[in-house]
Amino acid sequence: MKWQGRRQSSNVDDRRGQSGPSRGFGGFSPMLMGPLIKILFSKVGLVIAGLFIVVSFITGNNPLTLLSGLISGNGSQQVSSSAYQGTDEENELADFSATILASTEDVWNEILDNYREPTLVLFTGSVSSACGSASSATGPFYCPGDEKLYIDLSFFHDMEQKLNAPGDFAQAYVIAHEVGHHVQKLMGLTDKVHKLRGQVSETEYNKYSVMLELQADFFAGVWANRSESRMSMMEEGDLEEALNAANAIGDDRLQKQSSGRVVPDSFTHGTSEQRVRWFKKGFETGDIAQGDTFNAKSL
């Protein structure tokens, strides 16, 4: 892909290298304030105070500031993203992801009136979202609750090494697919499907989930079509990379690789053939009206 030097999105929340709140001291509740004050004025408290003075001397911080941070919970340790030093390869992937996100913004702002741009969250290890906590093993996902895409950049390495789906356009397909879920959220489709949970059988709900996923693949194809028309970013072999990635993450292929057998009723994303076909249809038409998977005669 010819992506270097293009506009990068400002809707990126880089949380790489961040740790969660400290478990040792932070987050005291008001109920603990009384006992804490008693301790501070006891003999033990004198020892603690001495330690605070030593720490403040080393760090240059006011000991009262350190203490207030402890009490309020603001003393939790967290590594800021600005201090995070990723590898050159990882930082390039971060720039690439921001560039692809910007491309999706250009495309969907053109297609949809009042398009609300999502935020891309880059993380390492684990992350918290409005949809709950997730680890890198979850893979990239979109959370409709906060309208954010979440990606651990190590997934792109896994695509190449574990799924045999290398290439920058394959990576762009992943981002465009998650943005496709955001488009579904804005169109009200996500909420309609989620409301069916508990109202239909699990097998039936899985079918609706497959429809959502295949439509997101279609929307990714629409992005590729429109983006190529606007910016001519594609190079020879790029389309094949995306189709190979779609093929690699079909439910039937993943199930066969993991357990040796395929259970169609448990499919939630669609078969390899379906994912390839719907992405290809989006790429060939560039018309979102052609992607109504919910009323298609055949998926």
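The name an unreviewed UniProt entry gives the protein chain is YpfJ protein, zinc metalloprotease superfamily, with Cyclobacterium amurskyense as the organism. According to its UniProt record, the protein chain has this under Subcellular location (unreviewed entry): "Membrane".

A few words now on the sheet that holds strand β2 (residues 119-123). Spatially, the four strands line up as an open sheet ordered β1-β2-β6-β5, and their pairing is mixed. One side of each edge strand has no neighbouring strand; the edge strands of this open sheet are β1 (12-14) and β5 (141-143). In this sheet, adjacent strand axes meet at a mean angle of 25 degrees when their direction is disregarded. Of the strand pairs in this sheet, β2 and strand β6 (residues 148-152) are connected by five bridges, and their pairing is parallel. By the bridge assignment, Thr119 is partnered in β6 with Lys148.

Our next topic: the nonpolar core. Counting residues in each nonpolar core, the largest one holds 54 residues, and the members touching the most others are Trp108, Phe156, Met159, Trp223 and Phe279. At the level of secondary structure, the elements contributing two or more residues to this core comprise α4 (88-111), β2, β6, α5 (154-161), α6 (168-186), α8 (202-231), α9 (238-248) and α11 (272-285). Excluding its chain neighbours within four sequence positions, the residues that come into contact with Trp223 are Ile100, Ser103, Thr104, Val107, Trp108, Phe169, Ala172 and Ala176.

Parameters at a glance
Residues numbered from 1 in each chain as written. Predicted model: local features only at pLDDT ≥ 70, side-chain atom pairs only at ≥ 80, totals over all residues. Heavy atoms only, no water. UniProt positions renumbered as here; feature names shortened; annotations may be inferred. Pairing = 2+ DSSP bridges. Helix = DSSP H or I, 4+ residues; strand = E, 2+ residues; numbered from the N terminus. Axes fitted to C-alpha atoms, helices over the stretch in contact; angles between N-to-C directions. Core = buried A, V, L, I, M, F, W, Y, C linked by side-chain atoms within 4.5 Å. Buried < 20%, exposed > 50% of the residue type's maximum accessible area, 1.4 Å probe, protein only. Contact = heavy atoms within 4.5 Å.

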